Amino acid sequence: VDRMTNPIGHPKPGFDLVIATDGSCSGNPGPGGWAWVEQLSGRTESGGSASTTNNIMELTAMISALEFAGPEGDLLLRSDSSYVIKSMTQWAPGWRRRGWKKADGKPVLNRELIERMLNLYESRTGRTEVEWVRGHSGDAANELADTLAVEQTTKFA
């Protein structure tokens, strides 16, 4: 299979998969959508909900991308959500150690989704890198993921 048939944007070389994720919500809560774009193949997936939050849609996009990627291979995950990236790579291990409580003792919001995302992330055997992307800055894959997520938001509105 020629993997560079439909590359989206300029994927960073050296990875088996380069996946951009995004979530969208009209109102918070409100109708929302999520999407991911695998930049080397051009494959996409998206979905949504009639009543959700932006953070839930961002988390759902990342979970779906991790499930698609599977545990093996070199993976670059790209997101414009600092919340998702920091939850996955920095905050969640501490929350888990504290019984899913934040530093202030309050329960972690969206725990089930964050726990699922963390388990998928930590169970990867391939190299996994995470990159923050400035939203709405002309990054082709981020823009496509955003467009697909907004389409889902509109569909569920």
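For the structure, see preceding data.
Summarised in this report is the structure supplied together with it. These figures come from a predicted structure and were not determined experimentally.

How each quantity is defined
- Residues numbered from 1 in each chain as written.
- Predicted model: local features only at pLDDT ≥ 70, side-chain atom pairs only at ≥ 80, totals over all residues.
- Heavy atoms only, no water.
- Helix = DSSP H or I, 4+ residues; strand = E, 2+ residues; numbered from the N terminus.
- Rg over C-alpha atoms; globule rule 2.2 N^0.38 Å.
- Contact = heavy atoms within 4.5 Å.
- Areas by Shrake-Rupley, 256 points an atom, 1.4 Å probe, with all protein chains shown as cover.
- Buried < 20%, exposed > 50% of the residue type's maximum accessible area, 1.4 Å probe, protein only.
- Pairing = 2+ DSSP bridges.
- Axes fitted to C-alpha atoms, helices over the stretch in contact; angles between N-to-C directions.
- Parallel < 35°, antiparallel > 145°, perpendicular 65-115°, else oblique.
- Left-handed = near helix turned anticlockwise from the far one by under 90°.
- Nonpolar A, V, L, I, M, F, W, Y, C, P; charged D, E, K, R; others polar.
- Expected span 1.5 Å × (residues − 1).
- Arc of directions from axis to C-beta.
- Core = buried A, V, L, I, M, F, W, Y, C linked by side-chain atoms within 4.5 Å.

**Quick look at the overall build of the protein**
- Helices and strands together make up the secondary structure of the protein, namely four helices and five strands.
- The N-to-C order of helical and strand elements in the protein reads β-β-β-α-β-α-α-β-α.
- At 15 Å, the protein has a C-alpha radius of gyration in line with the 15 Å of a compact globule built from 157 residues.
- Structurally, the protein occupies a C-alpha span of about 50 × 40 × 25 Å along its principal axes.
- When contacts within the protein are restricted to residue pairs at least 6 apart in sequence, those whose partners lie at least 24 apart make up 67%.
- Carbon and sulfur atoms make up 50% of the accessible area of the protein, which amounts to about 7,800 Å² in all.

**Here we look at the pairing of strand 4 (residues 75–79)**
- Within strand 4, five of the five residues are buried, which leaves it mostly tucked inside the rest of the structure.
- Here strand 4 shows no split at all, with Leu75, Leu77 and Ser79 on one side and Leu76 and Arg78 on the other all buried.
- Pairing analysis gives five bridges linking strand 1 (residues 17–25) to strand 4, with the strands arranged parallel. Among the inter-strand pairings, Ala20 is bridged to a residue of strand 4, identified as Arg78.
- For strand 4 and strand 5 (residues 128–132), the ladder comprises five bridges, and the chain directions are parallel. Bridge assignment links Ser79 to a residue of strand 5, and that residue is Trp132.

**Re the packing of helix 1 (residues 54–69) against helix 2 (residues 82–97)**
- Relative orientation of the contacting elements helix 1 and helix 2 amounts to 55 degrees, with a least axis distance of 9 Å. Classified by the angle their axes make, helix 1 and helix 2 are oblique. Viewed along their axes, helix 1 and helix 2 form a crossing whose handedness is right-handed. Contacts from Asn55, Glu58, Leu59, Met62 and Leu66 in helix 1 reach Tyr83, Val84 and Met88 in helix 2.
- By residue class, the composition of the contact of helix 1 with helix 2 is six nonpolar, one polar and one charged.

**Some thoughts on helix 3 (residues 111–122)**
- Compared with the 16 Å implied by 1.5 Å per residue over twelve residues, the 16 Å span of helix 3 between its first and last C-alpha is a close match.
- Every buried residue belonging to helix 3 is among Leu113, Ile114, Met117 and Leu118, and all of these are buried. When helix 3 is viewed along its axis, its buried side chains cluster within an angular range of 130 degrees and face the same direction.
- Lining the buried residues of helix 3 we find helix 1 and helix 2.

**Side note on the environment of Glu151**
- Topologically, Glu151 is positioned in helix 4 (residues 140–156).
- Taking the relative accessible area as the measure of exposure, Glu151 reaches 48% and is therefore partly exposed.
- The spacing of Glu151 and Gly32 is 119 residues in sequence and 9.1 Å in space, taken between C-alpha atoms.

**Topic: the sheet that holds strand 4**
- Sheet architecture is open: five strands sit in the order 3-2-1-4-5, paired in mixed fashion. At either margin of the open sheet sits one strand with a lone partner, and together these are strand 3 (44–52) and strand 5. Ignoring strand direction, the axes of neighbouring strands in this sheet form an average angle of 15 degrees.
- Here helix 2 sits on the sheet in contact with strand 4 and strand 5, set at roughly 150 degrees to strand 5.

**Remarks on the environment of Ala35**
- Here Ala35 lies in strand 2 (residues 30–38).
- Discounting residues that sit within four places of it in the chain, Ala35 has contacts with Ala20, Thr21, Asp22, Glu45, Ser46, Ala61, Ala145, Leu148 and Ala149.

**Notes on the nonpolar core**
- By size, the foremost hydrophobic cluster in this structure holds 25 residues, and its most contacted members are Ile19, Leu77, Ile114 and Met117.
- Of all the secondary structure elements, the ones that give two or more residues to this core are strand 1, strand 2, helix 1, strand 4, helix 2 and helix 3.
- Looking at this core, the element that brings in the most residues is helix 1, giving eight residues.
- Residue contacts for Leu77: discarding those within four places in its chain leaves Ile19, Met62, Ala65, Leu66, Met88, Thr128, Glu129, Val130 and Glu131.
- Among the nonpolar cores identified, the runner-up in size contains eight residues, and Ile8, Ala35, Ala141 and Ala145 belong to it.

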